[in-house]
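Architecture and fold: a report
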Amino acid sequence: GLSNPVILGDLVVAVGSTLLYGLDLATGEIEVELDRDEGPLATPVAVEADGRRVAVFTEGEGGDASLAAVDLDGGDQVWTAPLEADSRTGVTQEGDRVFVGDRSGRVYAFDLATGDALWVHRDAGDIDAPLAVADGLVLAMVADRSETETRLVALDVETGRPRWTTSPGRLGVIGSGPTVIGDRVLATFPDRAVRAYDLADGGLVWTSPLRGFVPAVTTGAAVDGDLLIPDLADRASPGALYRLDGD
């Protein structure tokens, strides 16, 4: 299998179990094939940095997990940085920083150019859903199995300190990644509902029910101020795609 792809110019980049691939966007021919330590498939980032094309991706498992940056043209490793546990969130980039979460409950901020760790925040639970960055905040969904609770946590992008945390209660530990639409952040929770929160303070704005669960690896898409989000098929529902008004 492959991760979700990302596009950099005319190159499509994705990670497989033990390889990172770069494919020509027009033809699908493989132009880049680089070794990767086996680990969970998660979406990479591909950017132009210091005059070269660089991919940043997670690799490895358990105590051997890390975040790595490689030169897509020369194949050289640019840097590598250790993580405390498996990472399934994929990599999120904002400016000259990249962000990633792991299953030890940590959210990390790294310098894109050097791989230096800028800060680490630790929460109680797993972080599997993709992170979002907006308005000076890093947003993470935390699945706390000890409390049977899913929390949405907003961290200061500069320091990693919590700005606000919210949860609908002890409903379970499955939820989507957060999606930012305007001044609100939207996410799904274990009670099969989408909730919209005020981005500034985490105050609840509205709740909308779904028929099925949304897996943690899923993040809704923002389209013209609306949220597009799918749920899973089960015995009670065949699965559906929803378009919800972001307001």
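Presented here is a report on the structure given in the accompanying data block.

Analysis parameters
Residues numbered from 1 in each chain as written. Predicted model: local features only at pLDDT ≥ 70, side-chain atom pairs only at ≥ 80, totals over all residues. Heavy atoms only, no water. Pairing = 2+ DSSP bridges. Helix = DSSP H or I, 4+ residues; strand = E, 2+ residues; numbered from the N terminus. Axes fitted to C-alpha atoms, helices over the stretch in contact; angles between N-to-C directions. Buried < 20%, exposed > 50% of the residue type's maximum accessible area, 1.4 Å probe, protein only. Core = buried A, V, L, I, M, F, W, Y, C linked by side-chain atoms within 4.5 Å. Contact = heavy atoms within 4.5 Å. Patch = residues over 30% accessible without salt bridge, like charges linked within 9 Å, V, L, I, M, F, W, Y side chains within 5 Å. Areas by Shrake-Rupley, 256 points an atom, 1.4 Å probe, with all protein chains shown as cover. Salt bridge = Lys/Arg side-chain N within 4 Å of Asp/Glu carboxyl O. Lys, Arg positive; Asp, Glu negative; His and termini not counted. Charge placed at Lys NZ, Arg CZ, Asp CG, Glu CD.

Before going further, it helps to examine the sheet that holds strand β22 (residues 226-230). Spatially, β21-β22-β23 is the arrangement adopted by the three strands of the open sheet, whose pairing is antiparallel. Unpaired on one side and paired on the other, β21 (221-223) and β23 (241-245) mark the two borders of the sheet. Strand-to-strand twist of the sheet, defined as the mean angle between neighbouring strand axes without regard to direction, takes the value 30°. Two strands pair when backbone bridges link them, and β21 and β22 are joined in this way by three bridges, in the antiparallel orientation. Paired with V223 across the strands is D226, a residue of β22.

Let's shift gears to the pairing of strand β7 (residues 66-71). Buried residues dominate β7, accounting for six of its six residues. Burial of β7 is two-sided: the residues S66, A68 and V70 facing one way and the residues L67, A69 and D71 facing the other way are all buried. Hairpin remark: strand β6 (residues 52-59) followed by β7, antiparallel, with six residues in the connecting loop; positive phi at G60, about 80°. Note: β7 against strand β8 (residues 77-82), five bridges, orientation antiparallel. Along β8, the bridge assignment pairs V70 with Q77.

Moving on, we get to the nonpolar core. V56, L67, W79, V98 and F110 are the most contacted members of the largest nonpolar core, which totals 17 residues. Counting only elements with at least two residues in this core, the list comes to β5 (45-49), β6, β7, β8, β10 (97-101) and β11 (106-111). Here this core gets three residues from one element, more than from any other, and that element is β5. In this structure, V56 is in contact with P44, V45, L67, A68, A69, W79, V91, V98 and L112, ignoring residues within four places of it in sequence.

Here we come to the pairing of β5. Successive residues of a regular strand alternate their side chains across the two faces of the sheet. For β5, the buried fraction is high: four of the five residues fall into the buried class. Pairing of β5 with β6 involves five bridges; the strand directions are antiparallel. By the bridge assignment for β6, V47 is matched with V54. Counting the residues that bridge the hairpin from β5 to β6 gives two residues, and of these D50 lies at a positive phi of roughly 55°.

What follows is about a negative patch on the surface. A contiguous patch of negative charge on the surface is contributed by E33, D35, D37, E38, E61 and D64. By the secondary structure assignment, D35 is in strand β4 (residues 30-35).

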